[in-house]
Amino acid sequence: ADPHSPCLLWAAWGGPPTSAMALSARLPPVGPSARPGDAASLVPMTATQAKIGALREKFHGFQNQWETETKHRIDRDGGKLDSVKESMMKLENTLNSEIKRRVEANKAMQGMFESQIATIQDRLE
């Protein structure tokens, strides 16, 4: 069996990668990301390992940027949602005040009409 076969490499890394991020997470640190004294820092880096390391760093940076942007978006959307809720509460209070005012006006008109009807009925009798 070829020692560089993808199947053997996958087995060494814990199975076939489901994504580039999964593959990057399973690779041992090499190059600048390897700490002094790590076994990986003692092994000479091949061009492929250097490319994989660079790709891992790009994915790590992308993931951090993605998480930061997601947090900002959630905060921004939360602020918008709070603003909409506040506006809805103001509108609801205004609507309730208007409903009360109209109910009172209708009661006043009904009372006025009932008194006028009673006055006309008294004149007719």
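Not measured: the values here are computed from a predicted model.

Chemist: Could you give me a rundown of the pattern of salt bridges, with the residues and numbers involved?
Modeler: Taken as a whole and assessed by the stated rule, the structure comprises three salt bridges. The residue Glu86 makes a salt bridge to Lys90 at a minimum N-O spacing of 3.7 Å. With Glu86 and Lys90 both in helix α4 (residues 47–124) and four residues apart, the pair spans about one turn of that helix. Looking at Glu86, the relative accessible area reads 47%, which means it is partly exposed. When the shortest N-O distance is used, the salt bridge between Arg102 and Glu98 registers 2.9 Å. Taken together, the positions of Arg102 and Glu98, both in helix α4 and four residues apart, correspond to about one turn of that helix. Residue Arg102 is classed as exposed on the basis of its relative accessible area, which comes to 52%. Since its relative accessible area comes to 28%, Glu98 is described here as partly exposed. Through salt bridges with shared partners, a single ionic network connects Glu98, Arg101 and Arg102.

Chemist: Which residues make up a nonpolar patch on the surface, and what values go with them?
Modeler: Among the surface-exposed residues, Met109, Met112, Phe113 and Ile117 lie close enough to one another that they form a single nonpolar patch of about 380 Å² accessible area. Within the secondary structure, Met112 sits in helix α4.

Chemist: For the packing of aromatic side chains, give the residues involved together with the corresponding values.
Modeler: Using the criterion set out here, one finds one aromatic pair in the structure. With centroids separated by 5.8 Å and ring planes inclined at 40°, the aromatic side chains of Phe62 and Trp66 adopt a geometry described as tilted. With a gap of four residues between them, Phe62 and Trp66 both fall in helix α4, about one helical turn apart. A residue is classified by how much of its surface remains accessible, and Trp66, at 52% relative accessible area, is exposed.

Scoring rules and cut-offs
Residues numbered from 1 in each chain as written. Predicted model: local features only at pLDDT ≥ 70, side-chain atom pairs only at ≥ 80, totals over all residues. Heavy atoms only, no water. Salt bridge = Lys/Arg side-chain N within 4 Å of Asp/Glu carboxyl O. Helix = DSSP H or I, 4+ residues; strand = E, 2+ residues; numbered from the N terminus. Buried < 20%, exposed > 50% of the residue type's maximum accessible area, 1.4 Å probe, protein only. Patch = residues over 30% accessible without salt bridge, like charges linked within 9 Å, V, L, I, M, F, W, Y side chains within 5 Å. Areas by Shrake-Rupley, 256 points an atom, 1.4 Å probe, with all protein chains shown as cover. Phe/Tyr/Trp six-rings, centres within 6.5 Å; stacked < 30°, edge-to-face > 60°.

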